[in-house]
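Residue strings, one per chain:
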Amino acid sequence: MGLLSDPYRRRALSRLLLRLNTPLCIISFLAGLGWFLGLAFHPFTLRIYMSENAMGSTMVEEHFVHGERALSYAREFAGHKKKAGGMPVAWLEKTMWNLGLEVHKQSFSRTLPFPDEMRERYMVKGTNVYGILRAPRAASTESLVLSVPCSEGQQNNQAVGLMLALASHFRGQIYWAKDIIFLVNEHDLIGMEAWLEAYHDVNVTEVHSSGMLGRAGAIQAAISLELSSDVITSFDVAVEGLNGQLPNLDLVNLFYSFCQKNGLLCTIQGKLQRTDWDSLPAFVHSLQTMLLMVLKQGSGRPQGDHGLFLRYHIEAITLRGINSFRQYKFDMGMVGTTLEGMFRKLNNLLERLHQSYFFYLLPSLSRFVSIGLYMPAFGFLILILVLKALDLWMKLSRYDVDPDDRLCDGDQGPSPVALEEPKPSLLTLVPPLLICHATGLALYFVPILGQQVATQHFPVSESEAVVLTVIAIYVAGLALPHNTHRVLTGSGSDRGWMTLKLVSLLYLAMQLGCIALINFSLGFLLAVTMVPVAALVQPTGPKYLYAVLLVLVTPAATLLFCIFLYQELIEYPISLLEGWQRFLQAIAEGLLDHHLYGSIVFPFIAIFVYPCWLLLWNVLFWK
């Protein structure tokens, strides 16, 4: 306290921080980036372990031997689906009823905000069919879900067959303490969202449904299954959910444990883990796997039907059967045995999964990075904004007024004339703040509301009109009259832009800090691109270089870069034209995800991040 209360010591401290500000910022950025890259190194990660005692062992004896029956059900389902031209509702109801399940169906409809040209749909109507196996040893207070999406064409027929075979097998067992729901949902995520909303008697996405005629107990866990082949070579697990939510790590560990027990190959992000963990190729492999998870989680898109369960505090994962060119094949019997073991362990739960981690990164299925290990990387990046804000605050406070002393960034100390310049009022910040946030609101509302007007005046479809309107408003924000502050007295001084940049840096730090608590990957991707340039930009110096750097770190440019990076990581590079098409598609899907499922990525970028970026653009062209 004496150091801060003594004016001489305080002045010395401020002079020291001003002189070392730039080196500290550079060191902080390198430390944050290096820390994140080091997370993929094997000794810096933690070995997975089961935290829930009820699932601590895989010592259950599985009895599933109905692999051929699963394939028979799959062939029947495929034939009836082809005959009906969609999901064979009547056949599913009859089959589930013959298996002894309590069968119900749910009709739903949803009008999209604009046509989804990728899937060629606008008005979506469908039916979900589900059967409930009542627990013989409990009072229907808790339940588990096995869901299978009914996809178009020949996709997922084997998954429906395996689900029906498992229902037949489970029906003959007496040890179930939880109800088991066998669900076949139509129209992928839209059908799943309709079912979940009706099951919990809520309506958050304006889906119209017939309601629920039958319910089981509170859902404890869910597994979504996707199989499109009679045999598989490996199982891939998807964990990323809506808005970057992740299931409890114990559920992922349970899947990995049973795969190890039954000798099934299991992957995450489509990549097998390596055994030579101490080599450079193994480190690169783990880094690629972790970066793929960061990119998927940062998108905020659910990577499977399981992603919508997480909103309702239901732990869920999606399992995808992969049939590649590997030598070893596994039939439906082995897959069914693995699922039976997982459900039997979940049946032993006495409470919801809560003892393990909800925030983590996975460089492989056998190792994980906890929140306590990856958050310091983000903290180092945010420290840059704090240091630059402190630097600006000290300059504005005029502690160090000696003109012979050099400030940070090589600037000379304020001259006596500068000390006498009029002090601008806070009114100088009002015009840029209002204009930037009004542009963000226009970016959020106008594309959907103005699509009809755009289609009437231009030869484009509704979806094209929405995407092109987003791009037009985004680019127009750069040309708006941000210099309206100049009509106010004293607004053209250095104090004006320094005050605005101080507010912008603190605003950006608050935004990134808040989103990182919900979706670390999104916060980190924005921080690693925007923070260095935000700290560097100012109206003096190489203005055109700063302008180019600002454009390169805009959220739209970050999205385009992430698309190319993702394609490189999955070893499927694309051309510039294909990248641009995927960029336009990502914008359309971002809007649809927000309006259909409640994704917060698009509104967060439009209403908060983009206006903050415009404030930095305003700082650059202050003079």
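Given the structure is predicted, the values throughout are model-derived calculations rather than measurements.

1. Observations regarding the pairing of strand β2 (residues 102–116)
Piece 1. Direction of pairing for β2 relative to strand β3 (residues 121–133): antiparallel, over a ladder of 11 bridges. Looking across to β3, one finds that His104 is bridged to Tyr130.

2. Things to note about the UniProt feature "transmembrane region" (unreviewed entry) in the protein
Piece 1. Sequence positions flagged by UniProt for "transmembrane region" (unreviewed entry) are, in local numbering, residues 20–41, 368–390, 426–446, 504–537, 544–566 and 600–622.
Piece 2. A helix fraction of 94% and a strand fraction of 0% characterise residues 504–537, whose end C-alpha atoms lie 11 Å from each other.
Piece 3. Each end of residues 544–566 is marked by a C-alpha atom, and these two atoms are 30 Å apart; helix forms 91% of the span and strand 0%.

3. Looking at the packing of helix α4 (residues 89–98) against helix α5 (residues 157–171)
Piece 1. At a minimum axis separation of 10 Å, α4 and α5 run at an interaxial angle of 25°. The orientation of α4 with respect to α5, classified from their angle, is roughly parallel. Once α4 is placed against α5, the crossing between them reads as right-handed. Here Trp91, Leu92, Thr95 and Met96 of α4 lie close against α5, whose contacting residues are Val160, Met163 and Leu164.
Piece 2. Here the contact of α4 with α5 is built from residues that sort into six nonpolar, one polar and no charged.

4. Thoughts on a nonpolar patch on the surface
Piece 1. On the surface, a nonpolar cluster with roughly 380 Å² of combined accessible area is contributed by Leu441, Phe445, Val446 and Leu449.
Piece 2. You can see Val446 is positioned in helix α13 (residues 430–449).
Piece 3. With relative accessibility at 38%, the residue Val446 sits in the partly exposed group.

5. Some thoughts on the packing of aromatic side chains
Piece 1. Within the structure shown, the criterion is met by 25 aromatic pairs.
Piece 2. Residues Tyr130 and Trp195 carry aromatic rings whose centres are separated by 5.8 Å and whose planes lie at 75° to one another, so their mutual orientation is edge-to-face. Here Trp195 lies in helix α6 (residues 188–199) and Tyr130 lies in strand β3, a separation of 65 residues in the sequence.
Piece 3. Directly above the aromatic system of Tyr175 lies the positively charged group of Arg344, at a separation of 4.3 Å from the ring centroid.

6. Quick look at the sheet that holds strand β9 (residues 266–268)
Piece 1. Judged by pairing direction, the sheet is mixed, and its nine strands sit side by side in the order β6-β2-β3-β5-β4-β7-β10-β8-β9 without closing on themselves. Looking at the sheet topology across the chains shown, the edges are occupied by β6 (208–209) and β9.
Piece 2. Two elements, strand β8 (residues 234–238) and β9, share three bridges in a ladder whose sense is parallel. Within the sheet, the bridge partner assigned to Val237 lies in β9 and is Ile268.
Piece 3. Against the sheet, helix α20 (residues 576–597) makes contact with β2 and β3, and its axis sits at roughly 135° relative to β2, the strand it touches most.

7. Considerations on the side chain of Gln106
Piece 1. Looking at the element boundaries, Gln106 is found in strand β2.
Piece 2. A polar contact of 3.0 Å, which involves the side chain of Gln106, links it to the backbone oxygen of Ala194.
Piece 3. Excluding residues within four positions of it along the chain, Gln106 makes contact with Gly126, Thr127, Asn128, Ala194, Trp195, Ala198, Ser209, Ser210, Gly211 and Met212.

8. Thoughts on the side chain of Gln451
Piece 1. You can see Gln451 is positioned in helix α14 (residues 451–457).
Piece 2. Among the polar contacts listed, one links the side chain of Gln451 to the backbone oxygen of Pro113, at a separation of 2.7 Å.
Piece 3. In this view, Gln451 contacts Pro113, Phe114, Glu462, Ala465 and Val466; residues no more than four positions away in its chain are not counted.

9. With respect to the environment of Leu144
Piece 1. For Leu144, the location among the structural elements is in strand β4 (residues 142–150).
Piece 2. Distance in space between the C-alpha atoms of Leu144 and Met212 is 17 Å, their sequence separation being 68 residues.
Piece 3. Residues in contact with Leu144, not counting those within four places in the same chain, are Lys178, Asp179, Ile180, Ile181, Gln220, Ala221, Phe343, Leu346 and Asn347.

10. What about the pairing of β4?
Piece 1. Taking burial as the measure, the nine residues of β4 include eight buried ones, the bulk of the element.
Piece 2. Note that β4 and strand β5 (residues 179–186) share eight bridges and pair parallel. Bridging from a neighbouring strand, Val145 pairs with Ile181 of β5.

11. Remarks on the sheet that holds strand β11 (residues 360–361)
Piece 1. Taken in spatial order, the three strands of this open sheet run β1-β12-β11, and their pairing is antiparallel. Because the sheet does not close on itself, it has two edges, and the strands there are β1 (46–47) and β11.
Piece 2. With two bridges joining them, β1 and strand β12 (residues 367–370) adopt antiparallel strand pairing. Along β12, the bridge assignment pairs Arg47 with Arg367.
Piece 3. Sheet strands touched by helix α11 (residues 371–397): β1, β11 and β12. Its angle to β12, the strand with the most contacts, is close to 55°.

12. Focus: the pattern of salt bridges
Piece 1. For the structure on display, the rule yields eight salt bridges.
Piece 2. Arg134 is the salt-bridge partner of Glu102, the closest N and O atoms lying 3.0 Å from each other. Highlighted residues: Glu102 in strand β2 and Arg134 in the loop between β3 and β4, separated in sequence by 32 residues.
Piece 3. Here Arg134 falls in the partly exposed class, since its relative accessible area comes to 31%.
Piece 4. Here Asp593 ties to Arg301 by a salt bridge, and the two come within 2.5 Å at their closest N and O atoms. Of this pair, Asp593 sits in helix α20 while Arg301 sits in the loop between α8 (280–299) and α9 (306–309), and the two are 292 residues apart along the sequence.

Analysis parameters
- Residues numbered from 1 in each chain as written.
- Predicted model: local features only at pLDDT ≥ 70, side-chain atom pairs only at ≥ 80, totals over all residues.
- Heavy atoms only, no water.
- Pairing = 2+ DSSP bridges.
- Helix = DSSP H or I, 4+ residues; strand = E, 2+ residues; numbered from the N terminus.
- UniProt positions renumbered as here; feature names shortened; annotations may be inferred.
- Axes fitted to C-alpha atoms, helices over the stretch in contact; angles between N-to-C directions.
- Parallel < 35°, antiparallel > 145°, perpendicular 65-115°, else oblique.
- Left-handed = near helix turned anticlockwise from the far one by under 90°.
- Contact = heavy atoms within 4.5 Å.
- Nonpolar A, V, L, I, M, F, W, Y, C, P; charged D, E, K, R; others polar.
- Patch = residues over 30% accessible without salt bridge, like charges linked within 9 Å, V, L, I, M, F, W, Y side chains within 5 Å.
- Areas by Shrake-Rupley, 256 points an atom, 1.4 Å probe, with all protein chains shown as cover.
- Salt bridge = Lys/Arg side-chain N within 4 Å of Asp/Glu carboxyl O.
- Buried < 20%, exposed > 50% of the residue type's maximum accessible area, 1.4 Å probe, protein only.
- Phe/Tyr/Trp six-rings, centres within 6.5 Å; stacked < 30°, edge-to-face > 60°.
- Lys NZ or Arg CZ within 6 Å of the ring centre and 35° of its normal.
- Polar contact = N/O pair within 3.5 Å; in protein donor to acceptor, adjacent residues only side chain to side chain.

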